[in-house]
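Spelled out, the chains give:
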Amino acid sequence: MKRSIINKLSQLSEELKGYVGALNYRYMNLCVKAEEASMLPIQVPIEDELKNIEDVGFVGKKDGDDFSIYIVPKIQDDLRDIAKSVKVAHPEFIQEIVKETVDPGDGSGNQEVSYLKLTMPEVNDDRHDVLTQAVDTFYKMCKAQMEKAKAEADVQFAALSADISPLEVDNMKQAVDEVNDMWINKREQLHDEKLKEIEDAYNQWLTHQQTTARQQQEEAAAHDQNVGTSMKMTSENDE
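Residues numbered from 1 in each chain as written. Predicted model: local features only at pLDDT ≥ 70, side-chain atom pairs only at ≥ 80, totals over all residues. Heavy atoms only, no water.

(A) Region of interest: the overall build of the chain. Along its length, the chain carries five helices and six strands. Secondary structure elements of the chain, listed N to C terminal, follow the sequence α-β-β-α-β-β-α-β-β-α-α. In the chain, which comprises 239 residues, the share counted as buried stands at 33%. Of the contacts formed within the chain by residues at least 6 apart in sequence, a portion of 66% connects residues at least 24 apart. Accessible area for the chain stands at about 15100 Å²; split by element, carbon and sulfur atoms hold 49% of it. (Helix = DSSP H or I, 4+ residues; strand = E, 2+ residues; numbered from the N terminus. Buried < 20%, exposed > 50% of the residue type's maximum accessible area, 1.4 Å probe, protein only. Contact = heavy atoms within 4.5 Å. Areas by Shrake-Rupley, 256 points an atom, 1.4 Å probe, with all protein chains shown as cover.)

In structure tokens:
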């Protein structure tokens, strides 16, 4: 296969990879479970200068907690500015400032530190619709970009294959299809996994709602029974 064709194949693969990577990044910012990557675009104004969030705080998760992100400011005075910047980027996150006493291990004794806890909201009816629509919108955008890149590459491959044998043309087309199919499959996988993540969280919310409603009905029935029994006993005593 000609070097020019090999180079073009590599360029096409990198372009398709970039579109799929962008789709993955957008999906990570449609948070169902906590995604530390959703913090990457956040910049915090500190003394009239915008700083990346990793420069002003430690971002992480706790073992066993898939639905919260924790941000510990490197300087405690920056906590409020960090919280405000996160609120702009992700207003849907539930914020809580937590205080904890820790021993820094430097011989200074216990110290009280404050940090930011970001909890992912439940996937209720409204959020389910918003997330699902966003997933499909980003998917269609990625698909259109990839199809355009493939069409433009096909024109260039046709020009590059003008002076090669039919067998080499078939090999080239097979290689192009393999590259294209690889990234299409990855795109479809991301799309399906994100929708499943949303549906799982939504079904969990529905189950919780049904359980709560059943418990309320049982409590109401028990209350009515207690009231009825009390009224009967009072009536008998009056006699």
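Still more to cover.
(B) Highlighting unusual backbone geometry. Phi angles above zero are rare outside glycine, and Glu 47 is one such case at about 50°. Topologically, Glu 47 is positioned in the loop between strand E1 (43–46) and strand E2 (49–52). With relative accessibility at 77%, the residue Glu 47 sits in the exposed group. Even without glycine at this site, Asp 48 takes up a positive phi of about 65°.

(C) Layout of the nonpolar core. Formed by 31 residues in total, the largest nonpolar core has its most connected members in Leu 16, Tyr 27, Val 123 and Phe 157. Those elements giving two or more residues to this core turn out to be helix H1 (3–28), helix H4 (125–160) and helix H5 (166–238). Residue contributions to this core peak at 11 residues, all from H5. If sequence neighbours within four positions are ignored, Leu 16 has contacts with Met 146, Ala 149, Val 179, Asn 180 and Trp 183. The next biggest cluster of nonpolar side chains, apart from the first, holds 18 residues, and it includes Ile 46, Leu 79, Ile 82 and Met 120. (Core = buried A, V, L, I, M, F, W, Y, C linked by side-chain atoms within 4.5 Å.)

(D) View of H1. Between its first and last C-alpha atoms H1 spans 37 Å; for 26 residues at 1.5 Å apiece the expected length is 38 Å, and the two agree. Where H1 is concerned, the buried positions are Ile 5, Lys 8, Leu 9, Leu 12, Ser 13, Leu 16, Val 20, Leu 23 and Tyr 27. (Expected span 1.5 Å × (residues − 1).)

(E) Here's a closer look at the pattern of salt bridges. One pass over the full model with this rule turns up six salt bridges. Across the salt bridge formed by Lys 150 and Asp 154, the nearest N and O atoms sit 2.8 Å from each other. Of this pair, Lys 150 and Asp 154 both sit in helix H4, four residues apart, roughly one helical turn. (Salt bridge = Lys/Arg side-chain N within 4 Å of Asp/Glu carboxyl O.)

(F) Quick look at the packing of aromatic side chains. In total, this model carries two aromatic pairs according to the counting rule given. With a centroid separation of 6.1 Å and an interplanar angle of 15°, the aromatic rings of Tyr 202 and Trp 205 are classed as stacked. Of this pair, Tyr 202 and Trp 205 both sit in helix H5, three residues apart, which is roughly one turn of that helix. A single burial state applies to Tyr 202 and to Trp 205, both of which are buried. (Phe/Tyr/Trp six-rings, centres within 6.5 Å; stacked < 30°, edge-to-face > 60°.)

(G) Quick peek at the environment of Leu 195. Among the structural elements, Leu 195 can be located in helix H5. For the pair Leu 195 and Tyr 27, spaced 168 residues apart in sequence, the C-alpha separation works out to 9.9 Å. Every residue in contact with Leu 195, bar those within four places of it in the chain, is listed here: Thr 132 and Val 135.

(H) Representation of the side chain of Ser 38 within the structure. Inspection of the secondary structure assignment puts Ser 38 in the loop between H1 and E1. For Ser 38, the contacting residues outside a window of four places in its chain are Met 28, Asn 29, Cys 31, Ile 69, His 90 and Phe 93.

(I) Geometry of the environment of Ala 149. On the secondary structure map, Ala 149 appears in helix H4. Exposure remark for Ala 149: the relative accessible area of 3% places this residue in the buried category. Note: C-alpha distance between Ala 149 and Leu 12 (137 residues apart in sequence) is 7.3 Å.

(J) Quick peek at the packing of H1 against H4. Interhelical geometry of H1 versus H4 gives an angle of 175° and a closest axis separation of 10 Å. Our classification of the angle between H1 and H4 gives roughly antiparallel. Within the contact of H1 with H4, the residues separate by chemical class into 18 nonpolar, three polar and four charged. (Axes fitted to C-alpha atoms, helices over the stretch in contact; angles between N-to-C directions. Parallel < 35°, antiparallel > 145°, perpendicular 65-115°, else oblique. Nonpolar A, V, L, I, M, F, W, Y, C, P; charged D, E, K, R; others polar.)

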